[in-house]
Amino acid sequence: MARPGDRPAITAEGTASQLPDIDPEETREWLDSLDGLLKDQGEHRARFIMLKLLDHARENRIGLPALRSSDYINTIPPEKEPWFPGDEHVERRIRAYIRWNAAIMVSKANRKGLEVGGHIATYQSAASLYEVGFNHFFRGKDHPGGGDQVYFQGHASPGIYARAYLEGRLNDSQLDAFRQEVSQGPHKGLSSYPHPRLMPEFWEFPTVSMGLTGINSIYQARFNRYMQNRGIKDTSDQRVWAFLGDGEMAEPESLGAINFAAQQGLDNLTWVINCNLQQLDGPVRGNGKIIQELESIFLGAGWNVIKVLWGGGWDKLLAKDADGALVNKMNTTPDGQFQTYSIETGDYIRKHFFDDPRLAKMVADMSDEDLVKLPRGGHDYRKVFAAFKRATEHVGQPTVILAQTIKGWTIEALEGRNATHQMKKLTSKDLKSFRDRLYLDIPDSKLEDPYNPPYFHPGAEDDEIQYMQERRRALGGYLPSRKPKPTTIALPGDKAYKPLLEPAGEHKVATTQAFVRLLRDLMRDKEIGKRIVPIAPDEFRTFGMDSMFPTAKIYSPHGQNYESVDRKLLLSWKESPSGQLLHEGITEAGAMGSTTAAGTAYATHGEPMIPFYIFYSMFGFQRTGDSIWAMADQLGRGFLIGATAGRTTLTGEGLQHADGHSPLLASSNTAVVHYDPAFAYEVAHIVKDGLRRMYDYGSEEHPGGENVIYYLTVYNEPVAQPGEPENLDVDGLLKGIHRVAVAPEGGDERPKAQIFASGVSMPDAMKAQKILADDHGVAADVWSVTSWNELRRDALEADQFNRAHGSEEPRVPFITKALEGAEGPVIAVSDYMRAVQDQIEPWVPNRFHSLGTDGFGFADTRAAARRFFNTDAPSIVVGTLQALAADGKFDAEQAAKAYDAYQLGDPTAVADVAQEGGDA
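Not measured: the values here are computed from a predicted model.

### Topic: the overall build of the protein
- Scanning the protein from terminus to terminus reveals 33 helices and 20 strands.
- Dimensions of the protein, computed from C-alpha atoms along their principal axes, come out at roughly 110 × 85 × 50 Å.
- Out of the 920 residues in the protein, the part that is buried amounts to 56%.
- For the protein, the proportion of contacts with a sequence separation of at least 24, taken over those separated by at least 6, is 76%.
- As displayed, the protein has an accessible area near 38,700 Å², and 50% of this comes from carbon and sulfur atoms.
- Both charge centroids of the protein, one from 99 positive and one from 126 negative side chains, sit 4 Å from each other.

Written as structure tokens, this is what we have:
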């Protein structure tokens, strides 16, 4: 029993633990020593010694957890800063030139009569961060190690353009055409932000969709390791750098995967967070401290954290801080007040920050001007260099650098103000003040017109320009730069697709099953098999892919250091560093990060990789549509497989699992080619064509491959698979429609109709065709619409051509040509809302009537759901009869009675209809 005054063995968060003390006497000696230190030298010295002991313990690999935060001072003390290898004066001049040109570019873009926007302040705060990287760390694609991948912060793009201007990669007219990508002529303007699709030889990664930089950079670094561990490419000397803002950290995607980066041990990843303490329109944490908050978050997630808060001018003050008064002031001053100090006078700073007698004594020999000039760490190239160097040398963890800066730094009109994000114009007075701050040789006469100030370039032979060119040569070439030089790969022959072209007999097969069979066969191909990257968010078993576990294995950089619970089963769980399957856990956002990294490896690494990302279709475009847009912007290629698709197929899952609209969302993305195949043979032809379009680099139409993304919606419902018909119209199948069943034989006087169906609606369309013929004397042809979206795109292109070539023979949309000679109304049905089918109505010459699943989904049987939405076979029959009646080809009264006769308004009428498996 513990006696009064006894010390607990160990405390964790203030609670005594059960860990036994094997040498209480030695423990008491250590604690008594600490008591003596506290008594003799006070809390500040004792705290310093304890932190030193913690650091020393971690250096000796004693497994101590990191503190959740540290003092509001730099992580790297002055005595541990490395020697700076650059020419300080020259690099300062280069930064001045770039700062000026970046600001002038935006200011010019906002002249009267143009005013296209832009951002000045972000780059001004981050200039030193970028320039230390450009001059000493960022390796280009010509580097022997393969080069780094750098995600530049979107709002800082003017500074990146300004550097490229000094390098000779851009000219004056291009800077003048910032944000004018059409009006100045093709390829003469500059995109507002990093957009590879708009500037495919310049930008490599799209970053302005806030939050996606974080998660995409993590999965890019992870994919680099995947490529290396699978023996596809040595990426060991490549680093991923991501530049983000402190305000951007509020986006869930920014921080959503940081624990994954630590779990994967991604020491090839460095984040640089520009902590200028401001969001777009105000402070990030006015009453708090965002850097301390981020430090605790990243430390808790297992990252290496480096804080760069104060420039060298503070070092001598901190050295005088014997009792911790200055550190305490730094710790307790909120961000909002630090922002105020950034714009106030030295007298104000002296009175409000150095307000304690001990603090006042520290700065007694400093003038008010000296106080104003005390720098933030993110503007001190020596402090930044030390942080970057330590990050590149750190092993076992990803690193985040938290760099404190001032938004709009060096531009007095913008510096540190809440409205700085929206300030895009500089007056003549502002320009002169800015010029003087940067010591540029520009006469006043050139600055009288604030809408037309000159750019500054000292000439290609200038020492500063030669210096920056030499540094880029030494580091492997210019950045950013996109140079796709993919290895040519041989695509599979017809043999790989043959099994899906054969009839399945009486055995019913879901299109999801058919796709997985094809994927398995493609993975066995000697040429492209190793390049296929299957990706799923914790759903491989759901999609029947557990058969791949024993052979392809699940990728894990750590291997499998445990015995799997199902190890005795034939299809047991298997992890391996060389595993092919990317099992992402329950994260569609993370899965899209991997899909993007894999789908752009042809450009990033020169190694074509073929992602097949399989997911519940409802959780694809709806949940991660922004990521799919970013992948398209990055010129990604690959396959998105929306499995368990449709609104009526996931019978027990209900509303949030019922996809009735993803084709519409897909139609909004120009790079996405959506197909909704009904049969296994259609899946085979679509995948074959997708591989051809994206990965056949010898194509005359698209040399180097086409930058599209294939999206297939496939289903878990088993259906009859008739096999490929004779004389299949493959061209029509790929363009979006082909006829699969002509009307049963009968008299030519019968009313005619055309049934369009896609995906899982096909079986009901075929049943409706028979009912119409047998019970109503109607001859209906059935068409498989493999892509409503592609039919619409083709029609829109025809319309555009006809507008531009009015004197030439009009181009006829494919859907219009396909229906030549086809009599009767069109009844269009799918398992999606009617707007999906209605896309093609303007170009269908026949009367058009659509059936769809408009409304919310719910849990019930497929029969009940389809009766509720009126998309089942009887509903197609009644819709056809009513359309014929409207054309005067069928008795209107009989058509009206058919609705009640088939009980279309009563889902309980199909309560006893049995259904076949294929649930979630």
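### Side note on the packing of aromatic side chains
- Scanning the entire structure with this criterion turns up 56 aromatic pairs.
- Look at F679 and Y681: their rings are 5.4 Å apart centre to centre, the planes differ by 5°, and that puts the pair in the stacked class.
- On the accessibility criterion, Y681 (2% relative accessible area) is buried.
- Residue placement shows R179 over the ring face of Y193; its charged tip is 5.2 Å from the ring centre.
- The side chain of R623 reaches across the aromatic face of F619, ending 4.4 Å from its centre.

### A few points about the sheet that holds strand β4 (residues 240-245)
- The five strands are arranged β3-β4-β5-β7-β6 in an open sheet whose pairing can be described as parallel. The two strands at the open ends of the sheet, each matched to only one other strand, are β3 (149-151) and β6 (304-308). Neighbouring strand axes in the sheet, compared pairwise and without regard to direction, differ in orientation by 15° on average.
- Here six bridges tie β4 to strand β5 (residues 269-275), and the two strands are oriented parallel to one another.

### Description of the packing of helix α32 (residues 873-886) against helix α33 (residues 892-901)
- At their nearest, the axes of α32 and α33 sit 9 Å apart, and the two run at 160° to each other. Our classification of the angle between α32 and α33 gives roughly antiparallel. Judged by the sense of rotation from one axis to the other, the crossing of α32 with α33 is left-handed. Residues V878, L881, Q882 and A885 of α32 form the contact with α33, whose participating residues are A892, A895, A898 and Y899.
- Tallied by class, the residues present in the contact of α32 with α33 amount to seven nonpolar, one polar and no charged.

### A few points about a negative patch on the surface
- Taken together, the side chains of D21, D23, E25, E26 and E29 present a region of like negative charge at the surface.
- Mapped onto the elements, E29 comes out in helix α1 (residues 24-59).

### Things to note about unusual backbone geometry
- In this structure, the amide linkage connecting L479 to the following residue, P480, adopts the cis form with an omega of -5°.
- Phi at L277 takes a positive value of approximately 70°, unusual for a residue other than glycine.
- Inspection of the secondary structure assignment puts L277 in the loop between β5 and α9 (290-301).
- By relative accessible area, L277 is classed as buried at 0%.
- Positive phi is not limited to glycine here, since Q903 has a value of about 55°.
- One can find Q903 in the segment after α33.

### So, helix α6 (residues 212-229)
- Relative to the 26 Å expected for 18 residues at 1.5 Å per residue, α6 spans 25 Å between its end C-alpha atoms, a close match to the ideal helical length.
- At the exit of α6 stands G231, carrying a positive phi of roughly 75°.

### Quick look at helix α18 (residues 463-475)
- The end-to-end C-alpha distance of α18, which contains 13 residues, comes to 18 Å, matching closely the 18 Å that a straight helix rising 1.5 Å per residue would cover.
- For α18, every residue scored as buried is listed here: E464, I465, Y467, M468, Q469, R471, R472 and L475.
- Where the residues of α18 are buried, they touch α2 (88-109), α3 (121-136) and α4 (157-166).
- Measuring from the backbone nitrogen of E464 back to the side-chain oxygen at the start of α18 gives 2.9 Å, which picks out D462 as the cap.
- Note on α18: the residue one or two positions beyond its end, G476, has a positive phi of about 100°.

### Let's talk about the sheet that holds strand β18 (residues 779-785)
- In spatial order, the strands read β16-β18-β17-β19-β20; together these five strands make up an open sheet with mixed pairing. The open sheet has two edge strands, β16 (737-741) and β20 (848-851), and neither has a second partner. For this sheet, the mean inter-axis angle between neighbouring strands, taken without regard to orientation, is 25°.
- Sheet analysis places strand β17 (residues 752-757) next to β18, joined by six bridges and oriented parallel. Note on β18: the bridge partner recorded for A757 is S784.

### So, the pairing of strand β19 (residues 826-829)
- Of the two faces of β19, the one lined by V826 and A828 and the one lined by I827 and V829 are each fully buried.
- Relative to β19, β17 runs parallel, the two being bridged by four bridges. Bridging from a neighbouring strand, F756 pairs with A828 of β19.
- When β19 meets β20, the two strands line up parallel, connected through four bridges. Of the residues in β20, the one forming a bridge with A828 is S850.

### Concerning the environment of A671
- With respect to the element layout, A671 can be found in the loop between α24 (662-667) and β14 (672-675).
- Overall, the relative accessible area of 6% leaves A671 in the buried class.
- Each residue touching A671, except ones within four places of it in the same chain, is listed here: R197, A632, N707, V708 and I709.

### With respect to the pattern of salt bridges
- Within this structure, the stated rule accounts for 47 salt bridges.
- Where E167 meets R163, a salt bridge forms, and the shortest distance between an N and an O atom there is 3.0 Å.
- Judged by its relative accessible area of 5%, E167 falls in the buried class.
- One salt bridge connects R169 with E167, and the closest N-O pair in it is separated by 3.6 Å.
- Residue classification places R169 among the partly exposed residues on the basis of a relative accessible area of 23%.
- Linked by salt bridges that have partners in common, E131, R163, E167 and R169 make up one network.

### Section: the nonpolar core
- Core analysis: the biggest nonpolar cluster contains 85 residues, and L522, F612 and F639 have the highest contact counts within it.
- For this core, the leading source of residues is helix α25 (residues 680-695), giving nine residues.
- Contact partners of F612, with chain neighbours within four places excluded, come to F515, L519, L522, I532, V533, P534, I535, F639 and V687.
- Grouped together as the second largest cluster of nonpolar side chains are 68 residues, W100, M105, I160 and W241 included.

### Things to note about the environment of Q560
- Position of Q560 relative to the elements: it lies in the loop between β9 (554-555) and β10 (575-576).
- Spatially, the C-alpha atom of Q560 lies 43 Å from that of F856, the residues being 296 residues apart in sequence.
- In this structure, Q560 is in contact with W573, K574 and E575, ignoring residues within four places of it in sequence.

About the cut-offs
Residues numbered from 1 in each chain as written. Predicted model: local features only at pLDDT ≥ 70, side-chain atom pairs only at ≥ 80, totals over all residues. Heavy atoms only, no water. Helix = DSSP H or I, 4+ residues; strand = E, 2+ residues; numbered from the N terminus. Buried < 20%, exposed > 50% of the residue type's maximum accessible area, 1.4 Å probe, protein only. Contact = heavy atoms within 4.5 Å. Areas by Shrake-Rupley, 256 points an atom, 1.4 Å probe, with all protein chains shown as cover. Lys, Arg positive; Asp, Glu negative; His and termini not counted. Charge placed at Lys NZ, Arg CZ, Asp CG, Glu CD. Phe/Tyr/Trp six-rings, centres within 6.5 Å; stacked < 30°, edge-to-face > 60°. Lys NZ or Arg CZ within 6 Å of the ring centre and 35° of its normal. Pairing = 2+ DSSP bridges. Axes fitted to C-alpha atoms, helices over the stretch in contact; angles between N-to-C directions. Parallel < 35°, antiparallel > 145°, perpendicular 65-115°, else oblique. Left-handed = near helix turned anticlockwise from the far one by under 90°. Nonpolar A, V, L, I, M, F, W, Y, C, P; charged D, E, K, R; others polar. Patch = residues over 30% accessible without salt bridge, like charges linked within 9 Å, V, L, I, M, F, W, Y side chains within 5 Å. Salt bridge = Lys/Arg side-chain N within 4 Å of Asp/Glu carboxyl O. Expected span 1.5 Å × (residues − 1). Polar contact = N/O pair within 3.5 Å; in protein donor to acceptor, adjacent residues only side chain to side chain. Core = buried A, V, L, I, M, F, W, Y, C linked by side-chain atoms within 4.5 Å.

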